[in-house]
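Observations on chain architecture
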Amino acid sequence: MTMPTKKSNIIVCGLGNHARKNIIPAILNSEALNLYGLCTRNNNVLVSTSEKYKCLAFSDFDEILNNKNIDIVYLSTPPGLHYEQGIKALNASKHLWIEKPLTIDIRETKQLIKLASESNLSLCEGIMYKYHPHFLELKQYLTKNLLGRVGQISSKFGLPKMNQPGFR
C-alpha cells in the first residue's frame with residue numbers, strides 16, 4: 001500500500017485570459033498541485049474565479065507572503081512586475097514559478113536564480129511553446145523525416161491582434 005503524497009498548495013497571481021484559460025486548468029489537472037488560491041487587483045475577476053474553483057481569494061500580493069499554507073507562487077502578472085514580486089516570494093520561502101519571461105532584465109534574472117539557489121527553492125519559467133500545437137506538428141514532421149534532410153529551420157511565432165493588448 002502506498003501512502004498518498006501531499007499536494008503542493010499553489011497560488012496564481014494575475015488572472016488574465018492566459019491564466020484563466022491555460023494555467024489554472026493545467027493546475028487542476030495536476031496530481032501534484034492543489035489550487036489553494038488566486039490573487040489579482042481586479043475584484044470582479046477575483047471573486048468570480050475563486051468562487052468557480054472554490055479556492056481562496058487575495059487582492060493584495062503582500063497578503064499571501066505570510067500565509068504558511070502556500071508552497072508555490074505562480075506569477076502570471078505583467079513581466080515588469082516579475083522581479084519585484086519574485087524577490088518577495090522567494091524571501092517569504094515560497095517556490096517561485098513565473099510565466100515567461102522570468103524578468104525583463106538579465107541582471108534581475110540572475111539575482112532571482114541566486115536567491116532561489118541559496119534558499120533551496122525552485123525557480124521555474126513557464127514556457128508553453130514546447131507543447132504548442134504548431135511546435136508539435138513541426139516536431140512530427142522532423143521525427144518522421146517527412147521533409148527530407150533539414151539543415152536549418154527559421155520560424156516566427158506571433159500573437160494574433162488583440163482588442164485589448166495590455167502590456168503587449
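The structure this text deals with has already been given above.
Now for a quick tour of the structure. Given the structure is predicted, the values throughout are model-derived calculations rather than measurements. (Residues numbered from 1 in each chain as written. Predicted model: local features only at pLDDT ≥ 70, side-chain atom pairs only at ≥ 80, totals over all residues. Heavy atoms only, no water.)

Notes on the side chain of N9
As a reminder of what qualifies: Helix numbers and strand numbers start at the N terminus; a helix is a DSSP run of H or I with at least 4 residues, a strand a run of E with at least 2. Whether two residues touch is decided by their heavy atoms; if any such pair falls within 4.5 Å, the residues are in contact.
With respect to the helices, strands and loops of the structure, N9 is situated in strand 1 (residues 8-13). Beyond its immediate stretch of four places on either side in the chain, N9 contacts N34, Y36, N69, I70, D71 and I72.

Structural notes on the sheet that holds strand 4 (residues 72-75)
Our working rule: We treat two strands as partners when DSSP finds at least two bridges between them. Lines fitted to the C-alpha atoms define the axes, with helices restricted to the stretch that makes contact. Angles between their N-to-C directions range from 0 to 180 degrees.
Strand order across the open sheet formed by 6 strands is 3-2-1-4-5-6, with parallel pairing between neighbours. The open sheet is flanked by strand 3 (56-58) and strand 6 (123-126), the only strands paired with a single partner. If you compare each strand with its neighbour and ignore which way they point, the axes differ by 25° on average. Direction of pairing for strand 5 (residues 95-99) relative to strand 6: parallel, over a ladder of 4 bridges. Within strand 6, the residue paired with W97 across the bridge is C124. Relative to the sheet, helix 2 (residues 43-53) contacts strand 2 (33-39) and strand 3, its axis offset from that of strand 2 by approximately 160°. Contacting strand 4 and strand 5, helix 4 (residues 79-91) crosses the sheet at an angle of about 165° to strand 5.

Structural notes on helix 1 (residues 17-28)
Rules: Every helix has an expected span of 1.5 Å times one less than the residues it contains. Burial status follows relative accessibility: with a 1.4 Å probe on protein chains alone, a residue under 20% of its type maximum counts as buried, one over 50% as exposed, and anything between as partly exposed. Regarding the arc, it is the one traced by the directions from the helix axis to the C-beta atoms.
The end-to-end C-alpha distance of helix 1 is 16 Å, a good match for the 16 Å that 12 residues give at a rise of 1.5 Å each. Listed as buried for helix 1 are A19, I23, I24 and I27. Buried residues in helix 1, looked at end-on, bunch into an arc of 95°, giving them a common side. Within helix 1, the exposed residues directed more than 90 degrees away from the buried face are N17 and K21. Residues of helix 1 that are buried sit in contact with strand 1, strand 2, helix 2, strand 4 and strand 5.

Focus: the environment of L35
Note that L35 resides in strand 2. Overall, L35 belongs to the buried group, its relative accessible area being 8%. Sequence separation of L35 and I72 is 37 residues, and the distance between their C-alpha atoms is 9.9 Å. With residues up to four places along the chain from it excluded, the contact list for L35 reads I10, V12, I24, I27, L28, Y53 and C55.

Comments concerning the pattern of salt bridges
Rules: Criterion for a salt bridge: a side-chain nitrogen of Lys or Arg within 4 Å of a carboxyl oxygen of Asp or Glu.
Per the counting criterion, the structure on display carries 5 salt bridges. A salt bridge links K88 to D62; the nearest nitrogen and oxygen atoms lie 3.1 Å apart. Placement of the pair is K88 in helix 4 and D62 in helix 3 (residues 61-65), with a sequence separation of 26 residues. On the basis of relative accessibility, which here comes to 30%, the residue K88 falls in the partly exposed class. With relative accessibility at 37%, the residue D62 sits in the partly exposed group. The partner of E84 in a salt bridge is K88, with the nearest N and O atoms 3.7 Å apart. Here E84 pairs with K88, and both are found in helix 4, just 4 residues apart, close to one helical turn. A relative accessible area of 46% places E84 in the partly exposed class. Here the salt bridges do not stand alone but share partners, grouping D62, E84 and K88 into one network.

Geometry only, nothing functional implied.
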